[in-house]
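Spelled out, the chains give:
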Amino acid sequence: MSDQRTTPRSADEATSEKLVELAKRRGYFFQSSGAYGGVGGFYTFGPQGAALKGNVEDAWRDRFAVAEGNMEIDAPTIMPEPVFEASGHLDTFDDMLVECPECGESHRADHVVEDNTEYEDAESLPIPEVEEVIAEYELVCPNCGAGLAGQAVEAFNLMFATNIGPGDSQPGYLRPETAQGIFVEFPRLKEYARNQLPFGVTQIGRAYRNEISPRRSIIRTREFTQAELEYFIDPETDEPDLSAVEDVEVTLYPASEQQADDGEEIQTTIGAAVEEEIIGSPWVAYFLGVAKPWYESVGVDMDRFRFRQHLSGERAHYAADCWDAEGEIDGNWIELAGFAYRSDYDLSKHAEHSDDRFTIFTQYDEPKTVERAAVDPDMSYLGPEFGGDAQAVVSELEALAARDRSAFDGDTVDVDLDGETHELPVEKTGFAVEERTEAGEHVVPHVVEPSFGVDRLVYTVLHHAYREDEVDGEERTFLQLDPEVAPTFVGVFPLQSDGDLEDEARAIAAELREAGLSVAYDDSGNIGRRYRRQDEVGTPFCVTVDYESLEDEAVTVRERDSTDQKRLPIEDLPETLSALRAGEFAFEDL
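In what follows, the accompanying structure is described. (Residues numbered from 1 in each chain as written. Predicted model: local features only at pLDDT ≥ 70, side-chain atom pairs only at ≥ 80, totals over all residues. Heavy atoms only, no water.)

### A closer look at the overall build of the protein chain
Part 1 of the reasoning: Secondary structure assignment for the protein chain yields 19 helices and 29 strands.
Part 2 of the reasoning: Principal-axis analysis of the C-alpha atoms gives the protein chain an extent of 100 × 65 × 60 Å.
Part 3 of the reasoning: Looking at the protein chain as a whole, 49% of its 590 residues qualify as buried.
Part 4 of the reasoning: Pairs at least 24 residues apart make up 66% of the contacts formed inside the protein chain by residues separated by at least 6 positions.
Part 5 of the reasoning: Total accessible area computed for the protein chain in this model is approximately 28100 Å², and 42% of it derives from carbon and sulfur atoms. (Helix = DSSP H or I, 4+ residues; strand = E, 2+ residues; numbered from the N terminus. Buried < 20%, exposed > 50% of the residue type's maximum accessible area, 1.4 Å probe, protein only. Contact = heavy atoms within 4.5 Å. Areas by Shrake-Rupley, 256 points an atom, 1.4 Å probe, with all protein chains shown as cover.)

This is the structure in structure tokens:
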């Protein structure tokens, strides 16, 4: 056994700098378009990074789509403007921008505040208060040091605009989230679910946000990958089965603790958190309980992981409640996922702005006699009065009757049309309340959304896996990646440059690939350097073919973390290594 000494994991404050350098050198990720000077907020995943990212996505798909029985779609990344008018992104999808009066550099005002004051969640503050904080603390431009006091803080919409088609083209936008691609297709997707609630739709794909100041490599970028689940429920009847997750232990940081002077994180279980109403939505709690062990399985350090509830001022415009999964990196907490209860906001908005129906018909156990308010407008009156807008007035009257029948109690009723209020005689609306026998009702489903940032998770997994130790008197850097997500599972080497050894090693590599394992073949340099290369990219096992292998048909298998070695028959390699990858037993048990 090798002489090995391990230092405390990820204790060095410079880990992020070392990791970024390793990522570039070993092909995990690097800034895109380097030949042209690069551009902020865009990164290319190299061979190792693309494989790691793909493995993380596959693991997410297995847990949140396959295991949960949810369907998956792949929607376009460009969508027409009306989609985002309906979703609210054109009006509310903003960050706070402040521009330096000297160098002209733009910065996120809330980040300037958070980086230089005791405010931890400046994003939740209103713009006038952020301006006051900048003035009070005499904050300066991070680029040139010029004072920012007195500079206007403005709302900056984060969406990338484009045009669809030539000539008088249709305006469109690159999607800022994958969710809208699911919501706009709900009328068709519900058919695939046989109009039965609850059901879930997942999507893994690119999203785009024109960040004011992208930073920290792939943690905050302008193009990134999301893995999202939109779970549609009937809020009156559907409840999650918490029995599978009620005993999952979690670290929670609720809003009440964040706002308290002596607030602190709470250690509890999912079941207790629901019972004590720390988590208000049982559905959100269910997905927190599913996510926590999944994060652990892909390599997130649970000592540096928590769920934090959004403060009221930082919740997205669509969220009734939201909790973030957060990972700690160099003393800072970063968002890894958001778990939001979006209520019926999205489907109701698309129903208002489109010509389709975003409801599901729910059958009653027995027919019911109910009172329904309805209108039957006098078109001989509306036509001359409103011309081409007459049908829009009818739609507004129908919607008003459904939500507020008392509006028709007087002699006139007010109808809003394109920002203007019109007064109509009630007698011309044909308003009436009728008794009907109905077999069911149309329900606008509510939505629970776990939304995962894949790039940030890849960075966190790498950061939490970064290790430095000493083996046989030499310093070693290695990534302690979980075998399930490691980009390469096994390295295969001939001990020396020898035709027979190389032929045998290549044959073993081919056989392991046929068994479905990711294999790296390497015959360059001495065996020690080849081990170090594989350690540094996180390869869990290495197989070395030596001269004895040609006689006894056995090879040396080395384990990354301990550097221990064992002799195994060649014929058993595919089955043994596959079992190790599946976690059926540990290397020391061989």
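### Comments concerning the packing of aromatic side chains
Part 1 of the reasoning: One pass over the full model with this rule turns up 26 aromatic pairs.
Part 2 of the reasoning: Between the aromatic rings of Phe29 and Tyr459, the centroid separation amounts to 6.2 Å while the plane-to-plane angle is 45°, which identifies the pairing as tilted. Placement of Phe29 in strand β2 (residues 29–31) and of Tyr459 in helix α15 (residues 454–465) is noted, with a sequence separation of 430 residues between them.
Part 3 of the reasoning: According to the relative accessible area criterion, Phe29 is buried, its value standing at 2%.
Part 4 of the reasoning: Taking the relative accessible area as the measure of exposure, Tyr459 reaches 3% and is therefore buried.
Part 5 of the reasoning: Summarising the aromatic geometry, the rings of Trp60 and Phe452 are spaced 5.8 Å apart at their centres and angled 70° between planes, so their arrangement reads as edge-to-face. (Phe/Tyr/Trp six-rings, centres within 6.5 Å; stacked < 30°, edge-to-face > 60°.)

### Points about the packing of helix α2 (residues 47–66) against α15
Part 1 of the reasoning: Contact geometry for α2 and α15: axes closest at 10 Å, N-to-C directions at 110°. Judged by the inter-axis angle, α2 sits roughly perpendicular to α15. Here α2 and α15 pass one another in a crossing that is right-handed. The segment α2 lies against α15, with Leu52, Lys53, Val56 and Glu57 engaging Val454, Asp455, Leu457, Val458 and Leu462.
Part 2 of the reasoning: For the contact of α2 with α15, the class distribution of residues is six nonpolar, no polar and three charged. (Axes fitted to C-alpha atoms, helices over the stretch in contact; angles between N-to-C directions. Parallel < 35°, antiparallel > 145°, perpendicular 65-115°, else oblique. Left-handed = near helix turned anticlockwise from the far one by under 90°. Nonpolar A, V, L, I, M, F, W, Y, C, P; charged D, E, K, R; others polar.)

### A few points about the pattern of salt bridges
Should the charged atoms of two oppositely charged side chains come close, the side chains can pair.
Part 1 of the reasoning: A complete count under the given rule lists 35 salt bridges for this structure.
Part 2 of the reasoning: A salt bridge links Lys18 to Glu468, with the shortest nitrogen-to-oxygen separation between them at 2.9 Å. Placement of the pair is Lys18 in helix α1 (residues 15–26) and Glu468 in strand β23 (residues 466–471), with a sequence separation of 450 residues.
Part 3 of the reasoning: Classification of Lys18 as partly exposed rests on a relative accessible area of 28%.
Part 4 of the reasoning: One salt bridge in this structure joins Asp115 and Arg215, with 2.9 Å as the shortest N-O distance. Remark: Arg215 occurs in the loop between β11 (199–208) and β12 (223–233) and Asp115 occurs in helix α5 (residues 109–116); sequence separation between them is 100 residues.
Part 5 of the reasoning: Salt bridges here are not isolated pairs; linked through shared partners, they connect Asp95, Arg108, Asp110, Glu211 and Arg220. (Salt bridge = Lys/Arg side-chain N within 4 Å of Asp/Glu carboxyl O.)

### Things to note about the sheet that holds strand β9 (residues 161–164)
Part 1 of the reasoning: Spatial strand order, β5-β10-β9: three strands in an open sheet with antiparallel pairing. Looking at strand neighbours, the two that pair on one side only are β5 (78–80) and β9, the edges of this open sheet. If you compare each strand with its neighbour and ignore which way they point, the axes differ by 45° on average.
Part 2 of the reasoning: Summarising the sheet, β5 and strand β10 (residues 170–174) pair through three bridges and their orientation is antiparallel. Residue pairing across strands places Ile78 opposite Leu174, the latter belonging to β10. (Pairing = 2+ DSSP bridges.)

### Side note on the nonpolar core
Part 1 of the reasoning: Among the nonpolar cores identified, the biggest contains 66 residues, and Tyr28, Trp294, Tyr295, Phe339 and Phe452 are the most heavily contacted of them.
Part 2 of the reasoning: Each residue touching Phe452, except ones within four places of it in the same chain, is listed here: Trp60, Phe64, Thr225, Gln226, Ala227, Ala291, Trp294, Tyr295, Leu336, Ala337 and Phe339.
Part 3 of the reasoning: Ranked by size, the runner-up nonpolar core spans 21 residues in total, among them Leu501, Leu512, Val543 and Leu577. (Core = buried A, V, L, I, M, F, W, Y, C linked by side-chain atoms within 4.5 Å.)

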